[in-house]
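Each chain is listed here by its residues.
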Number of protein chains: 2
Amino acid sequence: MSTAALEYLRNHRESHISLLDEFVRIPSQSGTPELKGEVRRAAKWLVEGLRKAGGENIEILDTKGHPAVYADWLHAESAPTVLIYGHYDVQPPEPLELWESPPYAPEVREGKLFGRGATDDKAGVTSALLALEAMLKSGELPSVNLKFCFEGEEETGSANLEALLLEHRERFAADLAVSVDGAHWSVGQPQVVLGLRGAIAGEILVSGPDHDLHSGLFGGAVLNPAEALCSLIASVRDPNGRIAIDGFYDDVLELPAKEREAIAKIPGTEESLLAESGVSELYGEAGYSPIERTWVRPTFEINGICSGHTEAGLKTIIPAHATAKFSCRLVANQDPSRIVACIRRHVERHTPTAVKAELKIMPVQANPYSMRADHPANLLLIEILESVFGRAPYQAWIGGSVPVIDMFQQILGIDTVSVGFSISNCNLHAPNEFVHLETMHLGTESLVLLLRGLATVLS
Amino acid sequence: MSTAALEYLRNHRESHISLLDEFVRIPSQSGTPELKGEVRRAAKWLVEGLRKAGGENIEILDTKGHPAVYADWLHAESAPTVLIYGHYDVQPPEPLELWESPPYAPEVREGKLFGRGATDDKAGVTSALLALEAMLKSGELPSVNLKFCFEGEEETGSANLEALLLEHRERFAADLAVSVDGAHWSVGQPQVVLGLRGAIAGEILVSGPDHDLHSGLFGGAVLNPAEALCSLIASVRDPNGRIAIDGFYDDVLELPAKEREAIAKIPGTEESLLAESGVSELYGEAGYSPIERTWVRPTFEINGICSGHTEAGLKTIIPAHATAKFSCRLVANQDPSRIVACIRRHVERHTPTAVKAELKIMPVQANPYSMRADHPANLLLIEILESVFGRAPYQAWIGGSVPVIDMFQQILGIDTVSVGFSISNCNLHAPNEFVHLETMHLGTESLVLLLRGLATVLS
């Protein structure tokens, strides 16, 4: 396919790389207080980038933390509006000694640009700038009105995004969100994302004696809180790997056979789970493939457990208390608060009277998110990705939880499609992060085609 | 009862208190490297004390750590030999602000002498000195030959005592040991100790992934090592509170009905277990009373457990590994190495193939120890305690493990009877430690009567 806008992009690949190079040089680490000024410098750089690309009403929106950057282009009269989301903050680069080139002095090697934030998410953000510029400069205008929301706190959990969206609900109002913080399956193989898992997290505290007891003097006469906690945790899973909490699966939507078949066709998923985890054998709920279990089945995981003497050497005590941190990944249509209630009931039922158990639920929660494979925007994106990359995209899920997508759903009432270039081997959050440049350029073309085509399917 | 030796003691109660006062002033903390010189000063003080009391062949025996002090009196021709054991080192006194009088400036209040080490074990050691002095000065000589072994490392685990006993096996050869590091039930109520539990300790390490995994990306596909460890620990106990490790109880001697009856007659044991532990409800193996479970039944206790994220806040990982420290209390005739083998088999059988489990056994082990209630030395001691205190002693066990008694059994082949004054409310190892002086004086009389009478029953 060739159009004036795509031609523009093809003629400006070098400018895109220069732009990305410039952007990556700013160490906008949102989690590093000393670099607060650099995060703001990146926001200002973005203001300038949006201005050059043709954005309007550009504004730095302050939050309690790092600011977000807003811009829009609202000249597609009576057409729908699309909110483009990305983030300009990055993870810390440590350990520095493992980088082959400095994290903030980008270097291109073998078609890849290396640097912290290269793929997560500065390539995505610059692709949005290039896409806007290409459409405006080529005269092949966006078919929809565009709003941009570039966040500066994604890497620290988007702590102030909810408040920002609530405060500026009107400003961000749109019909669909397009995230440029998305993933690509592998070089040459695109993907679409049909859903993400939700999450809840909490802590179980079991307490017994009012101080650590001498195991010689009291051993045999009191229930050991660490053992009571272990039994409680053991009761959560049945021998088939299913969660044995009453009601846990009640609201889980079974995936349609067609979508399961699509998943089954994706090659190499088990091999990569094995290779990337380093386990000798996969394990989980009977009746589902490993990749299904990470994408479309809910989980209960212990994230940490602590009790009594954990230092070197021997201390023969009965610990006074024991704590476990856990998190659940949820899938459509599980409701976080209903699952919390199920867990609370389970803990109450499985705590012997000789100890006390307390359940604390953490404030961070995310609803599961799913977007039908036949949603018009998905169908369009699938068609575009196939035409640009020459291969039908895999229909994938994300096992993790992306708070922003849940917020767009909850606060703005809109779905999100993802167009992104991060391949799982791009060293996200690790030394030697890189973006594969050809994938970035083709991804930018896909974004242009999407923004050019969305008006028809959304109307 | 009145004899010349007892009269001597009654006329020298003030000297005993002065001696104890002087001894307590030496901060002989074996666990505090800066006070190494003070520990040696206490050993030298003891050399002088033994000399004044009439001890012979007095010697400081060096070890890799703090020294032991040896002395003897071997003039009971063709009579058996008794080894008197005590320790002159003390626990650190911290937290100092909780002491009502300074730990190393003893103060007598309401018939109690307060100070670090007062009851554990300096009263015991001085009572041995006074007993020797009383017998030699009154002319009512010991009926047995006496050897003294005063250790300087009891509070740090008697780490060098085994080597010392092995090196000086001949010197310490005896027919019976008498420990002055013993306990007294309550003011006016003596006890004899019929046994101690043995112990083994170890660590179970469960490992799975080769690094902590993102619970969103991998949750559902791999077995969580923390959960596998919890299930393994949960499998150790059955719903009746019995240890469910095959073979664990095979060698356990059931207590004769008569001894169980004697235990059942001791009043207030449940109340004090409840009060001292702070639990709302006792718990344990069905079919045995709580105090029996702490004295004469074996246990498996988790001492500590650690895995994954244990700091504040949220980190939604699947931990790469999980560790639990455990210890078992053993009773006659359980053999530590057989129990280790049972545990090893249990761990192997209950570890799913999707994780690996490693069992590490710590080098410290103690055999269970028991001394028949009708052992002639016990019968004599029971008779003496009843005559001195006016009440039949309780027949008690100690749920903990005292390495030295096991060493005497293993290395010297001798039993140990305990004559001591520590009441459980004497704040052993805690601020405001004290010894109840009347109990100390009567205990010293009991010791004299025992050493005067043992020749007959041991011959």
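Basis of the calculations
- Here, residues in each chain are numbered from 1, in the same order as that chain's written sequence.
- Numbering of ligands from 1 and lettering of chains from A proceed in the order in which they are written.
- Local features in this predicted model are restricted to residues of pLDDT 70 or higher, and side-chain atom pairs are both shown and tallied only at a pLDDT of 80 or more, whereas totals for entire chains, interfaces and linings draw on every residue.
- Where side-chain values are given, they derive from all heavy atoms of the structure, hydrogens and water being excluded.
- Secondary structure follows DSSP: runs of H or I at least 4 residues long count as helices, runs of E at least 2 residues long count as strands, and numbering of each begins at the N terminus.
- With the radius of gyration taken over C-alpha atoms, the globule rule is written as 2.2 Å times the number of residues to the power 0.38.
- When accessible area is computed with a 1.4 Å probe and restricted to protein chains, residues below 20% of their type maximum are described as buried, those above 50% as exposed, and intermediate ones as partly exposed.
- Between any two strands, at least two bridges found by DSSP are needed for them to pair.
- Throughout the structure description, domain borders are defined by an automatic or database domain assignment.
- Every residue pair with non-hydrogen atoms within 4.5 Å of one another is taken to be in contact.
- Summed over both partners, buried area is the accessible surface (1.4 Å probe) that two parts give up on being assembled.
- Side-chain atoms alone can form a polar contact between residues adjacent in sequence; in general such a contact is a pair of N or O atoms within 3.5 Å, and within protein one must be able to donate a hydrogen while the other accepts it.
- Think of it as three bins: nonpolar holds Ala, Val, Leu, Ile, Met, Phe, Trp, Tyr, Cys and Pro, charged holds Asp, Glu, Lys and Arg, and polar takes everything else, Gly as well.
- To get an axis, fit a line to the C-alpha atoms, keeping to the stretch in contact for a helix; angles then go from 0 to 180 degrees between the N-to-C directions.
- In this tally, Lys and Arg are treated as positive and Asp and Glu as negative; His is ignored, and so are the chain termini.
- In the sections that follow, a salt bridge refers to a side-chain nitrogen of Lys or Arg positioned within 4 Å of a carboxyl oxygen of Asp or Glu.
- Least-squares fitting of one copy onto the other uses the C-alpha atoms of those residues that reach a pLDDT of at least 70 in both copies.
- By convention, a stacked pair of Phe, Tyr or Trp rings (six-membered ring in the case of Trp) has centres within 6.5 Å and planes under 30 degrees apart, an edge-to-face pair has planes over 60 apart, and any other such pair is tilted.
- Should the NZ of a Lys or the CZ of an Arg lie within 6 Å of a ring centre and within 35 degrees of the ring normal, that charge is described as sitting over the ring.

## A few points about the overall build of chain A
Within chain A one finds 15 helices and 18 strands. In summary, chain A has a C-alpha radius of gyration of 24 Å against a globular reference of 23 Å for 459 residues, a match within 12%. In terms of its C-alpha atoms, chain A occupies a principal-axis envelope of roughly 85 × 50 × 45 Å. Per-residue burial over chain A gives 59% buried out of 459 residues.

## Some thoughts on the pairing of strand S6 (residues 145-151) of chain A
Looking along a regular strand, one sees the side chains alternate between the two faces of the sheet. Residue and element names in this part refer to chain A. A large share of S6 lies buried, amounting to 7 of its 7 residues. Taken together, the 5 bridges between strand S2 (residues 68-73) and S6 define a ladder with antiparallel strand orientation. Along S6, the bridge assignment pairs Asp72 with Lys147. Bridge count between strand S3 (residues 81-87) and S6: 7 bridges; the pairing is parallel. Bridge assignment links Ile84 to a residue of S6, and that residue is Phe148.

## Points about the domain arrangement of chain A
Residue and element names in this part refer to chain A. If you check the domain split of chain A, you get domain 1 (4-196 + 368-458) and domain 2 (198-252 + 298-361). The distance between the C-alpha centroids of domain 1 and domain 2 comes to 40 Å. Counting from both sides, the interface comprises 6 residues of domain 1 and, opposite them, 7 residues of domain 2. Carbon and sulfur atoms make up 57% of the surface buried where domain 1 meets domain 2, a total of about 430 Å² over both sides. When the area that domain 1 buries against domain 2 is broken down by residue, the three leading residues are Pro368, Gly399 and Ser401, summing to 81%. Taken together, the links from domain 1 to domain 2 amount to 2 residue pairs in polar contact (both at pLDDT 80 or more). In terms of residue class, the side of domain 1 that touches domain 2 is made up of 2 nonpolar, 4 polar and no charged.

## A short note on the environment of B:Glu281
Residue placement: B:Glu281 occurs in the loop between helix H10 (269-277) and helix H11 (290-295). Measuring from C-alpha to C-alpha, the distance between B:Glu281 and B:Asn145 comes to 49 Å, with 136 residues separating the pair along the chain. What B:Glu281 contacts, discounting residues up to four positions off in sequence, is A:Thr353, A:Ala354 and B:Leu274. Only 2.7 Å separates the side chain of B:Glu281 from the side chain of A:Thr353, close enough to count as a polar contact.

## Topic: the sheet that holds strand S7 (residues 176-179) of chain A
Residues and elements named next belong to chain A. Reading across from one edge, S1-S2-S6-S3-S7-S17 is the order of the 6 strands in this open sheet, with mixed pairing throughout. Strands with a single pairing partner mark the edges of an open sheet, and in this sheet they are strand S1 (56-61) and strand S17 (416-418). For this sheet, the mean angle separating the axes of adjacent strands, direction not counted, is 20 degrees. Across the sheet, helix H3 (residues 36-53) lies against S1, S2 and S6, angled at about 175 degrees from S1, the strand it touches most. Across the sheet, helix H15 (residues 437-458) is in contact with S3, S6, S7 and S17; its angle to S7 comes to roughly 165 degrees.

## Some remarks on the side chain of A:Glu140
All names here are of chain A. Looking at the secondary structure, you find Glu140 in the loop between helix H4 (118-138) and S6. Nearest to the buried, unbridged Glu140 among oppositely charged side chains is Arg452, at 4.1 Å. One polar contact links the side chain of Glu140 to the main-chain amide nitrogen of Ala5, over a distance of 3.0 Å. Not counting the four nearest positions on each side in its chain, Glu140 is found in contact with Thr3, Ala4, Ala5, Met135 and Arg452.

## Some thoughts on the relation of the copies chain A and chain B
With an RMSD of 0.1 Å, the operation that places chain A on chain B is a rotation of 180 degrees combined with a shift of 0.1 Å along the axis. Here the two chains are linked by the operation of a two-fold rotation axis. A shared interface surface links the copies, since 100% of the contact residues of chain A are contact residues in chain B too.

## Quick notes on the packing of aromatic side chains
In total, this model carries 20 aromatic pairs over all chains according to the counting rule given. A connected cluster of aromatic rings, assembled from ring pairs, spans A:Trp185, A:Trp295, A:Tyr394 and A:Trp397. Against the face of A:Phe114 rests A:Arg109, its NZ or CZ located 3.9 Å from the ring centre. Just above the ring of B:Phe434 sits the side chain of B:Lys112; from NZ or CZ to the centre is 4.8 Å.

## Thoughts on the pattern of salt bridges
One pass over the full model with this rule turns up 40 salt bridges over all chains. Across the pair A:Arg10 and A:Glu7 runs a salt bridge whose closest N-O atoms are separated by 3.6 Å. With A:Arg10 and A:Glu7 both in helix H1 (residues 4-11) and 3 residues apart, this pair spans about one turn of that helix. In this structure A:Glu7 comes out as partly exposed when scored by relative accessible area, which is 34%. Between B:Asp374 and B:Arg372 there is a salt bridge; the shortest N-O distance is 2.8 Å. If you follow the salt bridges from partner to partner, you end up with A:Glu7, A:Arg10, A:Arg13, A:Glu438 and A:Glu445 in one network.

## So, the interface of chain A and chain B
Across the contact, 70 residues belong to chain A and 70 residues belong to chain B. Taken over both partners, the interface formed by chain A and chain B buries close to 5,300 Å², and the fraction arising from carbon and sulfur atoms is 56%. Counting the contacts that link chain A with chain B gives 2 salt bridges. With its nearest N and O atoms 2.7 Å apart, the salt bridge here joins B:Arg237 to A:Glu227. Counting the contacts that link chain A with chain B gives 38 residue pairs in polar contact (both at pLDDT 80 or more). Among the elements of the structure, strand S10 (213-214), helix H7 (215-218), helix H8 (225-234), helix H10 (269-277), helix H11 (290-295), strand S11 (299-308), strand S12 (317-318) and strand S13 (321-330) of chain A are those that each provide at least two residues to the side of chain A that touches chain B. Here the side of chain A that touches chain B gets 10 residues from one element, more than from any other, and that element is S11(A). Of the pairings in the sheet, the one linking S11(A) to strand S11 (residues 299-308) of chain B comprises 5 bridges and is antiparallel in character. Bridging across to S11(B), A:Gly304 finds its partner in B:Gly308.

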